[in-house]
Amino acid sequence: MPQRVMLAPPENIMVRCDNLVKIYKTSDVEVMALQGLDLEVERGELMGIVGASGSGKSTLLNMLGALDKPSAGSLFVDGKDLLKFDEKDLIKYKRETVGFVWQNNARNLIPYLTAVQNVEMPLLLSGHKKRRERALELLEMVGLADRKNSLLGQLSGGEQQRVAIAIALSNNPSLLLADEPTGAVDTKTAAMVLDVFKSLNRQTGVTIIIVTHDTNLSKSIDRVVAIRDGRTSTEMLRKKAPLLSFDELAKMSEQQRAEHERLMSQSGEHEELVVLDRAGRLQIPKEYLEALGIKGGDKVRVELEDGHISVYGSDYN
């Protein structure tokens, strides 16, 4: 059988996962963490990934960070095929393409160093000639210039997380990955941390993927992808009202202005969409199947009716 040729995605796509599979094996059991996951992330996008424990979201993040390799499928980041990387390529990728923010600050920070010294450390290891200047610039970007000489014990949890973000940006990455970056802080601090990510995304254009279980956080992100059973199951897209000038508003009829106000009031709400993968598969919400008395593994009848697809329980179950 001829081997399938994986073509690099177009320039505007930062991440493309195609039928991604990950199987963890032990002597007794095999666990399939990813089951044919498809995902595309555009350059400059700020998106969230949500999912229950064991859904595969952290496995996906580890793949994108080159901390783990898929068992099958294809994975492109910044136009590079990660499945073709050797050890040298992986080291270069981690140093130049990707930045990582961990939930546990112990993985990001050295407690006996000041904020600016922590940010300088990766710059020192990479041989950056203007380490202090770059470190101060990064702390300014995350709003911590006035705390540059503070030890970590003198910083709040949110401030420590902002130092971690500055460190992750030290190699000027094309892709910034954040694993539960607000998991250890309160709701108010979580919102402040998210504002930092939003600001960095707007200022630098860096593509940011945030894995989170925090539903309040996910509601503030334009695009949120839900992973269930190792596959992309749904996407939540923020409804955005069109931005109009005063002249355009003045030319509107009363009915048009009322419609625009309605859209403005809905702006910020999410519309949830089921994702159809490239193999034509989708995951129907559990409550829909329960309402029809359909269980996993059952046969169903699928029909095309008046421009839509209908699913019926089968008499053969």
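Chemist: Which residues make up the overall build of the chain, and what values go with them?
Modeler: For the chain, the count of helices and strands is 10 helices and 13 strands. When each of the 317 residues of the chain is scored for burial, the buried share is 42%. At a minimum sequence separation of 6, the contacts of the chain that also span at least 24 residues come to 66%. For the chain, the accessible surface area stands at approximately 18300 Å², while carbon and sulfur atoms represent 51% of it.

Chemist: Pulling in residues and values, what's your account of the packing of helix α3 (residues 115–125) against helix α5 (residues 157–168)?
Modeler: Two numbers describe a pair of packed helices, the interaxial angle and the distance between the axes. The N-to-C vectors of α3 and α5 enclose an angle of 25 degrees; their axes lie 8 Å apart at closest approach. Here α3 is positioned roughly parallel relative to α5, judged by the angle of their axes. For the pair α3 and α5, the sense of crossing is right-handed. Across from Ala 115, Asn 118, Val 119 and Pro 122 in α3, the residues of α5 making contact are Val 163, Ala 166 and Ile 167. The residue inventory of the contact of α3 with α5, partitioned by class, reads 6 nonpolar, 1 polar and no charged.

Chemist: Account for the packing of α5 against helix α6 (residues 187–204), with residues named and values stated.
Modeler: Contact geometry for α5 and α6: axes closest at 10 Å, N-to-C directions at 20 degrees. Taken together, the axis directions place α5 and α6 in an arrangement best described as roughly parallel. In terms of crossing hand, the pair formed by α5 and α6 is right-handed. For the pair α5 and α6, the contacting residues are Gly 158, Gln 161, Arg 162 and Ile 165 in the first and Thr 189, Met 192, Val 193, Val 196, Phe 197 and Leu 200 in the second. Here the residues of the contact of α5 with α6 are counted per class, giving 6 nonpolar, 3 polar and 1 charged.

Chemist: How would you explain the pairing of strand β3 (residues 46–50) if you had to name every residue and give the values?
Modeler: In terms of residue burial, β3 counts as a mostly covered element, since 5 of its 5 residues are buried. Burial along β3 is two-sided: Leu 46, Gly 48 and Val 50 and Met 47 and Ile 49, pointing in opposite directions, are all buried. With 4 bridges joining them, β3 and strand β8 (residues 207–211) adopt parallel strand pairing. If you follow Leu 46 over to β8, its bridge partner there is Ile 208. Two strands pair when backbone bridges link them, and β3 and strand β9 (residues 223–228) are joined in this way by 4 bridges, in the parallel orientation. Paired with Ile 49 across the two strands is Val 225, which belongs to β9.

Chemist: Would you mind going over the pattern of salt bridges in detail, with residue names and values included?
Modeler: Charged atoms that come close allow side chains of opposite charge to pair. Under the defined criterion, the tally for this structure stands at 10 salt bridges. Here Glu 40 makes a salt bridge to Arg 16, at a shortest N to O gap of 2.5 Å. With Glu 40 in strand β2 (residues 30–42) and Arg 16 in strand β1 (residues 13–25), this pair connects stretches of sequence that are 24 residues apart. What makes Glu 40 partly exposed here is its relative accessible area of 27%. Close ionic contact of Glu 159 with Arg 147 constitutes a salt bridge, the shortest N to O distance being 3.0 Å. You can see Glu 159 sitting in helix α5 and its partner Arg 147 sitting in the loop between α4 (131–141) and α5, a full 12 residues away along the chain. Judged by relative accessible area, which is 22%, Arg 147 ranks as partly exposed. Ionic contacts of the salt-bridge type, sharing partners, join the residues Glu 11, Arg 43, Asp 78 and Lys 80 into one network.

Chemist: I'd love a proper account of a nonpolar patch on the surface, names of residues and values included.
Modeler: Together, Val 300, Val 302, Leu 304 and Ile 309 make up a nonpolar patch on the protein surface, roughly 420 Å² of accessible area in all. A total of 3 residues in the nonpolar patch trace back to one element, the largest contributor, which is strand β12 (residues 300–305). Following the sequence through the fold, Val 302 ends up in strand β12.

Chemist: Quick rundown of the sheet that holds β2? Include the residues and the values.
Modeler: Across the sheet, which stays open at both edges, the 4 strands sit in the order β2-β1-β4-β5 with antiparallel pairing between neighbours. Edge positions in the sheet fall to β2 and β5 (80–81), since each has one partner strand and no second. One ladder, built from 2 bridges, connects strand β4 (residues 72–77) with β5; its direction is antiparallel. Opposite Phe 76, over in β5, you have Asp 81 as the bridge partner. Sitting on the sheet, helix α1 (residues 57–64) touches β1, β2 and β4, and the angle it makes with β1 is about 120 degrees.

Chemist: Give a description of the environment of Val 119 that names residues and reports values.
Modeler: With respect to the secondary-structure elements, Val 119 resides in helix α3. For the pair Val 119 and Leu 138, spaced 19 residues apart in sequence, the C-alpha to C-alpha distance is 7.9 Å. Sequence-distant contacts of Val 119, that is, excluding residues within four places in its chain, are made with Ala 135, Leu 138, Leu 139, Val 163, Ala 166 and Ile 167.

Chemist: Tell me about unusual backbone geometry, and name the residues and values.
Modeler: Note: most peptide bonds trans; most residues except glycine with negative phi. The residue Ala 66 is not glycine, and still its phi comes out positive at about 60 degrees. Residue Ala 66 is classed as buried on the basis of its relative accessible area, which comes to 10%. Even without being a glycine, Asp 78 presents a positive backbone phi close to 55 degrees. Relative to the elements of secondary structure, Asp 78 occurs in the loop between β4 and β5. Asp 78 sits in the buried class, given a relative accessible area of 19%.

Cut-offs used in this document
Residues numbered from 1 in each chain as written. Predicted model: local features only at pLDDT ≥ 70, side-chain atom pairs only at ≥ 80, totals over all residues. Heavy atoms only, no water. Helix = DSSP H or I, 4+ residues; strand = E, 2+ residues; numbered from the N terminus. Buried < 20%, exposed > 50% of the residue type's maximum accessible area, 1.4 Å probe, protein only. Contact = heavy atoms within 4.5 Å. Areas by Shrake-Rupley, 256 points an atom, 1.4 Å probe, with all protein chains shown as cover. Axes fitted to C-alpha atoms, helices over the stretch in contact; angles between N-to-C directions. Parallel < 35°, antiparallel > 145°, perpendicular 65-115°, else oblique. Left-handed = near helix turned anticlockwise from the far one by under 90°. Nonpolar A, V, L, I, M, F, W, Y, C, P; charged D, E, K, R; others polar. Pairing = 2+ DSSP bridges. Salt bridge = Lys/Arg side-chain N within 4 Å of Asp/Glu carboxyl O. Patch = residues over 30% accessible without salt bridge, like charges linked within 9 Å, V, L, I, M, F, W, Y side chains within 5 Å.

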